[in-house]
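Descriptive structure summary
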Amino acid sequence: MGKTRRDVNADVCIVGAGPHGLAASLLFERIDPSIRVVVLDQSNEWLKSWKDQFKRLEIPTLRSPIVHHPSPDSFALDDFVKREDFSLSGLPYNPPTTEAFEAFCSEVINASPIDDPVVAIPRSIRCEDDCVIIDSHEKTIYARYLIIASNPQQTIIPRWAKRTYHQNSLIQHSREIDLANTNDMADQRIAVIGGGLTAAHLTRSALDKGALVDLILRRPLQIRNFDTDPGWLGPKYLTNYYAESDAHKRIKLAREARNGGSIPPWMRDYLVDYESNGNLRIRESKEVASAKLTSCARYELTLSNEKQVNVDQVWLATGTQSDLYAMECLRPFLHGVTFVDGFPVTSNSLRLGQNPIYVMGRSATFALGPSAGNLWGATRAAKRIAADITGVELIANGS
Ligand SMILES: Cc1cc2nc3c(=O)[nH]c(=O)nc-3n(C[C@H](O)[C@H](O)[C@H](O)COP(=O)(O)OP(=O)(O)OC[C@H]3O[C@@H](n4cnc5c(N)ncnc54)[C@H](O)[C@@H]3O)c2cc1C
């Protein structure tokens, strides 16, 4: 097929304009501005889905420290916050506010000659000679390398919720809940399912809007400052992790390090305060066994201890599972790839098999460790991929 005027030629095509795709774009630009990078996304705006998610869930601060962000300069966000006089979160370890993080990313994007994302969703991918050909309805991209930074994932819906989940809006997953457009919730009773920070944010917002909340979680609340112990961001744990050649053992270590959802101590303190005023009931070590939609459009949840909880809405903060197969057009390239517990076994350079296709985000867990999907992982993945493609390894400060 001959090329048309809508075709795009690039050295590197990145799918996904989230923090990970941005980190890779900024790094290529830093290494060699002549490298032609094209970024595809559902939106032509950088970080659109990140911003939407923080807005919908009304999350005022990040969980990660201020040195984690998409820029190759570790201290750039800290400098920006001081220079622009942004207010601090005031929380332990001083994570940046959502507002400061987003303003910083905008400044970095505006100051850099990187192009805006191109609106295109890949429908098919094929490799011919030295070229990866990415077809979307909108255009065809011919690139030498393809980077998947689109965070392909499956929403986790508990078995008891599956039957009614799609039938009505009284049961929603955190990926759909829009608190920013939900005002008065007085007299509403909400069950929030999950023990991570998203569950806690949902709980807090619902309470602030006047609702009564049952927070139901399978385990006791896990209290940790960060998603994973900071030892996983440096040699303390990563030296042994990288030395482990058995893929199953590595992924087991990564899973154990994340150990499900957790909340920082400051959030636990908030929840305990809310609980003492009677509007919140934290039901630890309880599972929902079944859910029934009653004739008056309420949910009757039966817990593992056979107690019943009647609520107006159920909010699932049950997370998502990273899943490269969720990106259908990538499937032909996954046959030869070993998967362990859903994670692809990539090369150290995050390459998927023999083709010039790389992954970022949680899909890079085997090579990078349990924090691959976090902001920390964005700059680390970008470095490894860019070093493989360009042969240049940038030594950024603070990393
Ligand atoms: C509520 C929440 C809060 C978090 N807070 C933090 C935090 O404070 N610190 C931290 O380190 N981590 C945090 N994380 C974890 C992680 O950093 C985020 O999930 C982050 O968004 C991951 O970045 P990403 O670029 O991999 O994916 P995303 O931000 O999801 O970006 C992927 C992009 O790909 C696009 N896309 C998807 N599919 C396609 C397709 N088929 N074609 C084209 N484009 C596509 C999407 O539109 C999106 O723009 C948080 C996660 C959640 C859910």
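Model, not experiment: these values are computed from the prediction. (Residues numbered from 1 in each chain as written. Predicted model: local features only at pLDDT ≥ 70, side-chain atom pairs only at ≥ 80, totals over all residues. Heavy atoms only, no water.)

The next point concerns the overall build of the protein chain. The helix and strand tally for the protein chain stands at eleven helices and 19 strands. Here the protein chain has a C-alpha radius of gyration of 22 Å; the compact-globule value for 399 residues is 21 Å, and the two agree. Taken along its principal axes, the extent of the C-alpha atoms in the protein chain is 60 × 50 × 45 Å. Looking at the 399 residues of the protein chain, the share that counts as buried comes to 52%. Long-range contacts, defined as pairs at least 24 residues apart, comprise 68% of the intrachain contacts of the protein chain with a sequence gap of at least 6. About 18800 Å² of surface is accessible on the protein chain, with carbon and sulfur atoms providing 46% of the total. Across the protein chain, the 45 positively charged side chains and the 47 negatively charged ones have centroids separated by 5 Å. (Helix = DSSP H or I, 4+ residues; strand = E, 2+ residues; numbered from the N terminus. Rg over C-alpha atoms; globule rule 2.2 N^0.38 Å. Buried < 20%, exposed > 50% of the residue type's maximum accessible area, 1.4 Å probe, protein only. Contact = heavy atoms within 4.5 Å. Areas by Shrake-Rupley, 256 points an atom, 1.4 Å probe, with all protein chains shown as cover. Lys, Arg positive; Asp, Glu negative; His and termini not counted. Charge placed at Lys NZ, Arg CZ, Asp CG, Glu CD.)

The two faces of the sheet receive side chains in turn, since in a regular strand these alternate between them. Within strand β13 (residues 299-303), five of the five residues are buried, leaving the element largely enclosed by the surrounding structure. With burial as the criterion, each face of β13 is covered, one bearing Tyr299, Leu301 and Leu303 and the other bearing Glu300 and Thr302. By the bridge criterion, five bridges tie strand β12 (residues 288-293) to β13 in an arrangement that is antiparallel. Within the sheet, the bridge partner assigned to Ser290 lies in β13 and is Thr302. The turn linking β12 back onto β13 is made up of five residues, and Ala297 within it adopts a positive phi angle of 55°. Pairing analysis gives four bridges linking β13 to strand β14 (residues 308-311), with the strands arranged antiparallel. Bridging from a neighbouring strand, Tyr299 pairs with Val311 of β14. Linking two consecutive strands that pair antiparallel, namely β13 and β14, is a turn of four residues; a positive phi of about 75° is found at Glu306 within it. (Pairing = 2+ DSSP bridges.)

What follows deals with helix α8 (residues 247-258). Counted at 1.5 Å a residue, the expected span for α8 with its twelve residues is 16 Å, and the 17 Å between its end C-alpha atoms agrees. Taken together, the buried positions of α8 are Ala247, Arg250, Ile251, Ala254 and Ala257. One side of α8 carries all its buried residues, which in axial view fall inside an arc of 120°. The exposed residues of α8 that point more than 90 degrees off its buried face are His248 and Lys252. In the core, the buried residues of α8 are packed alongside α7 (235-243), β17 (339-340), β18 (343-344) and α10 (365-368). Of the residues trailing α8, Asn259 is marked for its positive phi of about 50°. (Expected span 1.5 Å × (residues − 1). Arc of directions from axis to C-beta.)

This brings us to the side chain of Ser89. Relative to the assigned elements, Ser89 resides in the loop between α3 (76-83) and α4 (98-111). From its side chain, Ser89 meets the backbone oxygen of Pro95 in a polar contact 2.7 Å long. Those residues within four positions of Ser89 in sequence are excluded, and the remaining contacts are Thr61, Asn94, Pro95 and Thr97. (Polar contact = N/O pair within 3.5 Å; in protein donor to acceptor, adjacent residues only side chain to side chain.)

Turning next to the site of the ligand. As a structural note, the neighbourhood of the ligand is formed by 28 residues, with Asp41, Gln42, Arg63, Ser64 and Leu375 the closest of them. Asp41 is positioned such that a nitrogen or oxygen atom in its side chain is 2.7 Å from an oxygen atom of the ligand. Calculation on the ligand without its partners gives an accessible area of 980 Å², and the protein chains cover 83% of this total. Elements that contribute at least two residues to the shell around the ligand include exactly α1 (19-31), β2 (37-41) and α2 (48-56). In terms of residue count, the dominant contributor to the shell around the ligand is α2 (four residues). Considering only residue class, the shell around the ligand consists of 14 nonpolar, twelve polar and two charged. (Near = heavy atom within 4 Å. Nonpolar A, V, L, I, M, F, W, Y, C, P; charged D, E, K, R; others polar.)

For the protein chain, the assigned domains read domain 1 (8-153 + 321-390) and domain 2 (157-222 + 260-318). The C-alpha centroid of domain 2 is placed 31 Å from the C-alpha centroid of domain 1. With eleven residues of domain 1 at the contact, the number on the domain 2 side is 17 residues. Counting the surface lost from both domain 1 and domain 2, the interface buries some 1200 Å², and carbon and sulfur atoms represent 54% of this. Of all residues in domain 1, Arg56, Leu57 and Arg63 give up the largest surface area on contact with domain 2, accounting jointly for 52% of the area buried on that side. Between Lys209 and Glu58 there is a salt bridge whose closest N-O contact spans 3.2 Å. Summed over the shared surface of domain 1 and domain 2, the number is seven residue pairs in polar contact (both at pLDDT 80 or more). Its residues placed into classes, the side of domain 1 that touches domain 2 shows five nonpolar, two polar and four charged. (Domains from an automatic or database assignment. Buried area = accessible area lost by both parts, 1.4 Å probe. Salt bridge = Lys/Arg side-chain N within 4 Å of Asp/Glu carboxyl O.)

Aromatic rings in a pair are described by how distant their centres are and how their planes are angled relative to each other. Evaluation of the coordinates by the stated rule reveals eleven aromatic pairs. Aromatic side chains Tyr145 and Tyr358 sit 6.4 Å apart centroid to centroid with 55° between the ring planes, which places their arrangement in the tilted category. Here Tyr145 is found in strand β6 (residues 140-148), whereas its partner Tyr358 is found in strand β19 (residues 357-359), with 213 residues between them in sequence. Considered together, Tyr145 and Tyr358 belong to a single accessibility category, that of buried residues. Linked through ring pairs, Trp232, Tyr237, Tyr241 and Tyr242 together constitute an aromatic cluster. Sitting above the plane of the Tyr270 ring, Arg204 keeps its charged end 3.8 Å from the centroid. (Phe/Tyr/Trp six-rings, centres within 6.5 Å; stacked < 30°, edge-to-face > 60°. Lys NZ or Arg CZ within 6 Å of the ring centre and 35° of its normal.)

So, about the pattern of salt bridges. Throughout the structure, instances matching the rule amount to 19 salt bridges. Among the ionic pairs, Glu45 bridges to Lys51, the shortest N-O distance being 3.4 Å. A salt bridge links Asp227 to Arg63; its shortest N-O distance comes to 2.9 Å. Of the two residues, Asp227 is situated in the loop between β10 (212-216) and α7 and Arg63 in the loop between α2 and α3; the sequence distance between them amounts to 164 residues. Residue classification places Arg63 among the buried residues on the basis of a relative accessible area of 15%. A single network of salt bridges, built from pairs that share partners, joins Arg63, Asp227 and Arg258.

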